[in-house]
Amino acid sequence: MDSNSISAAQAAYIRSYKFHKFKILLYRIGILLLFLALWEVSARMKWIDDFIFSSPSKLMTCFYHMIQENNLFCHIGITLFETLVSFILVMACSLLLTILLWYSKSLTETLDPYLVVLNSLPKSALAPLLIVWLGANYKTIILTGVSVSIFGTILNLYIGFHETDAEKIKLIRTLGGTKSHALFKVILPANRANLIGLMKSNIGLCLVGVIIGEFIAAKSGLGYLIIYGSQVFKLDWVILSILILCLIAMGLYGCIRILERKYLKQI
């Protein structure tokens, strides 16, 4: 829109909105910097035990040494790879299985109690079995990541499919359309926002599942660093790995948000 075509009130609102967003960003940065400063001061003044709680300066030193040893980015890359593969498998398999459930009412009625039970089952309880069945390797870790979110995703997608406007589907059937026409013309377009919402939640759940798998079965990755660091009392490794996981989670969520904004601009 041309700047000359908007009113003074609209321009004032846009300036106010941008200032509000900038102010919120400053607040967030300020809180983070204040937290880091208090953490560092508390460690230096011996208010907290820096062996147990570490400090920002010790973490920076630890980060530098791990980069020098050329192993930190390897662990990050492995965890990121396993998370992305788990995420892709969850979304692809969930969408495919939900379509099959939507096509067959008998299949839905048969599998519904099993999906509910599997979704309620603590997924960490499955990890030891997966290790016995598949061995302690990356396949087990990826499958653990998949198991954390796939059943809930199928249930949520199916609810979205089922709640799609029935009148539009009836119109397609009245005009001689098939179930496939209803799926591609009504069901899937109506559930795009639901899919994006599930992607935003699943990217974090897959990361959680991968870390659970790495706790038990890995010899590399950030989950392995956390467990190994706690066992040998290298708590700097543990805290640094946790902070890196936070950054990874923020980055992955941010990528999904970018996709969401692009989608919203197209509709």
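Structural data are supplied above this passage.
Here is what the cut-offs are and how they apply
Residues numbered from 1 in each chain as written. Predicted model: local features only at pLDDT ≥ 70, side-chain atom pairs only at ≥ 80, totals over all residues. Heavy atoms only, no water. Helix = DSSP H or I, 4+ residues; strand = E, 2+ residues; numbered from the N terminus. Buried < 20%, exposed > 50% of the residue type's maximum accessible area, 1.4 Å probe, protein only. Disulfide = S-S within 2.5 Å. Salt bridge = Lys/Arg side-chain N within 4 Å of Asp/Glu carboxyl O. Phe/Tyr/Trp six-rings, centres within 6.5 Å; stacked < 30°, edge-to-face > 60°. Lys NZ or Arg CZ within 6 Å of the ring centre and 35° of its normal.

J.: Help me out: how do you make sense of unusual backbone geometry in this one?
T.: For residues that are not glycine, phi is negative in most cases, and the peptide bond is trans in most cases. Phi is positive for Ser54, close to 60°, though the residue is something other than glycine. With respect to the element layout, Ser54 can be found in the loop between helix H2 (50-53) and helix H3 (56-68). At Phe233, a position not held by glycine, the phi torsion is positive, near 60°. Among the structural elements, Phe233 can be located in the loop between helix H11 (222-231) and helix H12 (235-266). Classification of Phe233 by relative accessible area gives exposed; the value is 56%.

J.: Help me out: how do you make sense of the state of the cysteines in this one?
T.: In a disulfide, the sulfur atoms of two cysteines are held together by a covalent bond. If you walk through the whole model with that rule in mind, you get 0 disulfides. Residue Cys93 stays outside any disulfide, its sulfur separated by 11 Å from that of Cys206, the closest cysteine.

J.: Can you help me understand the pattern of salt bridges in this one?
T.: Any two side chains of opposite charge can pair if their charged atoms end up close together. Under the criterion given, the structure shown has 4 salt bridges. Arg44 serves as the salt-bridge partner of Glu40, at 2.6 Å between the closest nitrogen and oxygen. Of the two residues, Glu40 and Arg44 are both situated in helix H1 (residues 8-44); the distance of 4 residues between them amounts to about one turn of the helix. Classification of Glu40 as buried rests on a relative accessible area of 14%. Of the charged contacts in the structure, one is a salt bridge between Lys46 and Asp50, with a shortest N-O distance of 3.9 Å.

J.: Would you mind going over the packing of aromatic side chains with me for this structure?
T.: For any pair of aromatic rings, the description rests on two quantities: the centre-to-centre distance and the angle between the ring planes. Scanning the model with the defined rule gives 4 aromatic pairs in all. Measuring from ring centre to ring centre gives 5.4 Å for Trp102 and Tyr103, while their planes differ by 80°; the resulting arrangement is edge-to-face. Assessed through its relative accessible area of 14%, Trp102 is described here as buried. Counting every residue linked through ring pairs, the aromatic cluster contains Tyr224, Tyr228 and Trp237. One cation-aromatic arrangement involves Lys179 over Trp102; the distance from NZ or CZ to the ring centre is 5.1 Å.

Interpretation note: all reported values are geometric properties and have no functional meaning in isolation.
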